[in-house]
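Fold and geometry: a report
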Amino acid sequence: MKAKNIALAAASAGASLLGTALVRTILTPSKTSDYVPNPDATRAAKYAEKLAEMVRCETISTPEDPTGAKFEKFHKLLEELFPLVHEKLERTVIDGNLLYFWQGRKHDKPIVLMSHQDVVPAEGEWIHEPFSGDIAEGKVWGRGSADTKATVMAFFQAVEELLEQGYTPEQDVYISSSCTEEFAGPGAKKLVGELKRRGVKPYLVCDEGGGIINEPIGGIKGNFAMIGVFEKGKSDLKFTARSSGGHASAPTKNTPIARLAKFVNHVETRDPFRKKLIPEAEAMFTTLAPYAGFGMKLLFGNLWLFRPLVTLLLPAVSAQAAAMVKTTIAFTMQSGSDAANVLPQEASVWANMRFIPHQGKDESLAIITKLAEKYGLETDIIWAADYTEPVDINGEAWNTLVAAIDKTFPGLPHSPYPMTGGTDCQFYQEICDNCLRFGPVVFGPEQLKNMHGLNENIEVNCLPGAVDFYKNLIDIHNPR
């Protein structure tokens, strides 16, 4: 009887909590994001032509040739496209990496506007040749158009126009652009080293990473300014299985490839990493909840009740959602015997890991290393870097960036965003507490899909807004 009473009381309490959540959801006004770019066509065409010229200048970067003549050619093009920037600002070139200094009246709160000039290789058959810079169907086509020459064009153009107006910033402004971002090369580190040498501690860094994303979560329609507030840690690892080898006609048990297969299957089917809704992801879901349908609005708007359920369900929503709640590991390369009838003496599989703040580099690597040992595997950590510290989403720098978004894109909702990928911005954390990732261009499903793939492009109509955003960010940060 006592157990029955306890069960009834628990059921009653649960029903009461659910009722509270339902009432809260019903009383929370639903919102819609109706922002769409509506630019001046003349400005859009002008900016598209400049971007197209930048795309036509091929700047593929590789570890074997991270600088080279191609970047000298690109720098010359920048001089032609933005003459006042190169006349008025102090330029420093470090192995192809660019740093510009625009002196302000004060020097205690400098800002850094940055995006990289290099692009990934362009393979396969494209609708428009990858370095054609074609302007068609309302888009600029080509490798680098979205990632990230659109934002490079935008902040150079913003400064060019401010200089034309005789504008002088109240605080120092730096423009930074590496040529090694796409292969995680040393360019950004060299630029940070130069800033450190000068004693510069930026108040705010604005890099790529987030952006104006169309439907950031399935079921939440419209455009949203998604602002990256930290990056997950990263590591490349190699797992190796060894044996005495032998002929495939008389195979032994637990050959190297079999052990590797068991290990990979274990990781894929029994995830060893802990799921948790981190504060930045929670803030994102709470912000987006009013824009969702009733079911998602109920869950995301009442995380005080549904946090365990949301945490459990997110990995089933999408790979991107799963990456926001746990450390991930992706197996990417493998090797074994050189012949089909020879058992390998050594076989290996490579993997890329991304560390979540609640289970960072050391703990995550210890977990996967111990699991590999269970299958008789050796673990080599090729390199590893931990996650970056999150930016305060209630702080002054955050509010400065949001104010620029609000002024530039009226009606555009904004939200923090836990970044699962990597950018050059991570290296600036050493000298800046407010490294925010936001590229002020619109990324629809097509742009996101084609970013490193075939047919990369960017909508022409979003370019004026990108230029205006950087102008507003400089001006809001530097009130006169």
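Residues numbered from 1 in each chain as written. Predicted model: local features only at pLDDT ≥ 70, side-chain atom pairs only at ≥ 80, totals over all residues. Heavy atoms only, no water.

Time to look at the sheet that holds strand β4 (residues 135-136). Taken in spatial order, the 3 strands of this open sheet run β4-β5-β17, and their pairing is antiparallel. Edge positions in the open sheet fall to β4 and β17 (457-459), since each of these has one partner strand only. Relative to strand β5 (residues 139-141), β4 runs antiparallel, the two sharing 2 bridges. From the neighbouring strand, Ala136 faces β5, where its bridge partner is Lys139. (Pairing = 2+ DSSP bridges. Helix = DSSP H or I, 4+ residues; strand = E, 2+ residues; numbered from the N terminus.)

Next up on the list: the sheet that holds strand β9 (residues 233-242). In spatial order, the strands read β11-β13-β9-β14; together these 4 strands make up an open sheet with antiparallel pairing. Across the chains shown, the open sheet's two edge strands, defined by having one partner strand only, are β11 (328-335) and β14 (378-385). Going across the sheet, the axis of each strand differs from the next one's by a mean of 20°, ignoring polarity. Pairing between β9 and β14: 7 bridges, direction antiparallel. Directly across from Ser235, in β14, lies its bridge partner Ala384. Along the sheet face, helix α7 (residues 256-269) touches β9, β11 and β13 (346-355) and points at about 145° away from the line of β9. (Axes fitted to C-alpha atoms, helices over the stretch in contact; angles between N-to-C directions. Contact = heavy atoms within 4.5 Å.)

A few words on the pattern of salt bridges. Overall, the coordinates contain 23 salt bridges when judged by the stated rule. Between Glu456 and Arg143 there is a salt bridge, with the nearest N and O atoms lying 2.8 Å from each other. In this pair, Glu456 sits in the loop between α15 (445-450) and β17 while Arg143 sits in the loop between β5 and α5 (145-164), placing the two residues 313 residues apart along the sequence. With a relative accessible area of 1%, Glu456 lands in the buried category. The network of salt bridges with common partners includes Glu90, Glu194, Arg197 and Arg198. (Salt bridge = Lys/Arg side-chain N within 4 Å of Asp/Glu carboxyl O. Buried < 20%, exposed > 50% of the residue type's maximum accessible area, 1.4 Å probe, protein only.)

Below, the discussion takes up α7. Counted at 1.5 Å a residue, the expected span for α7 with its 14 residues is 20 Å, and the 20 Å between its end C-alpha atoms agrees. When α7 is considered as a whole, its buried residues turn out to be Pro256, Arg259, Leu260, Phe263, His266 and Val267. One side of α7 carries all its buried residues, which in axial view fall inside an arc of 125°. Exposed and facing more than 90 degrees away from the buried side of α7 are Glu268 and Thr269. Of the surrounding elements, those touching the buried residues of α7 are β9, β11, β13 and α12 (361-374). (Expected span 1.5 Å × (residues − 1). Arc of directions from axis to C-beta.)

Let us now look at the state of the cysteines. What the rule picks out here adds up to 0 disulfides. In this structure Cys179 is not part of a disulfide, and its nearest cysteine sulfur, from Cys57, lies 12 Å away. We note that Cys206 lacks a disulfide partner, and the nearest cysteine sulfur, in Cys425, lies 8.1 Å from it. (Disulfide = S-S within 2.5 Å.)

Moving on: the side chain of Arg259. Relative to the assigned elements, Arg259 resides in helix α7. For the buried Arg259, no salt bridge exists, and the shortest N-O distance to an oppositely charged side chain is 7.9 Å, to Glu378. (Lys, Arg positive; Asp, Glu negative; His and termini not counted.)

Attention now moves to the packing of helix α2 (residues 41-56) against helix α16 (residues 463-477). Remark: α2 packs on α16, axes separated minimally by 8 Å, with the N-to-C direction vectors making an angle of 85°. On the basis of their axis angle, the class for α2 and α16 is roughly perpendicular. Residues Arg43, Ala44, Tyr47, Ala48 and Leu51 of α2 pack against Leu463, Pro464, Val467 and Asp468 of α16. Partitioning the contact of α2 with α16 into residue classes produces 7 nonpolar, no polar and 2 charged. (Parallel < 35°, antiparallel > 145°, perpendicular 65-115°, else oblique. Nonpolar A, V, L, I, M, F, W, Y, C, P; charged D, E, K, R; others polar.)

Further remarks concern the packing of aromatic side chains. Applying the stated criterion across every chain yields a total of 16 aromatic pairs. Judged by centre distance (5.5 Å) and plane angle (50°), the ring pair of Phe155 and Phe156 falls under tilted. Side by side, Phe155 and Phe156 carry an identical accessibility label, which is buried. Each member of the aromatic cluster is reached from another via a ring pair, and the members are Tyr35, Phe82, Tyr100, Phe155, Phe156, Phe409, Phe438, Phe469 and Tyr470. The ring centre of Tyr203 lies 4.9 Å from the NZ or CZ of Lys109, which sits over that ring. (Phe/Tyr/Trp six-rings, centres within 6.5 Å; stacked < 30°, edge-to-face > 60°. Lys NZ or Arg CZ within 6 Å of the ring centre and 35° of its normal.)

Taken together, the side chains of Leu18, Leu22, Val23, Ile26, Leu27 and Phe294 make up a nonpolar region of the molecular surface, amounting to roughly 570 Å² of accessible area. The element best represented in the nonpolar patch is helix α1 (residues 2-27), accounting for 5 residues. Structurally, the position occupied by Leu18 is in helix α1. (Patch = residues over 30% accessible without salt bridge, like charges linked within 9 Å, V, L, I, M, F, W, Y side chains within 5 Å. Areas by Shrake-Rupley, 256 points an atom, 1.4 Å probe, with all protein chains shown as cover.)

Another aspect to go through is unusual backbone geometry. For the bond from Asp147 to Thr148, the omega torsion is -5°, close enough to zero to count as cis. The residue Thr148 is located in helix α5 in this model. Phi is positive for Asn254, close to 55°, though the residue is something other than glycine. Turning to its location among the elements, Asn254 is positioned in the loop between β10 (246-247) and α7.

The values reported here are purely geometric and, on their own, carry no functional implication.
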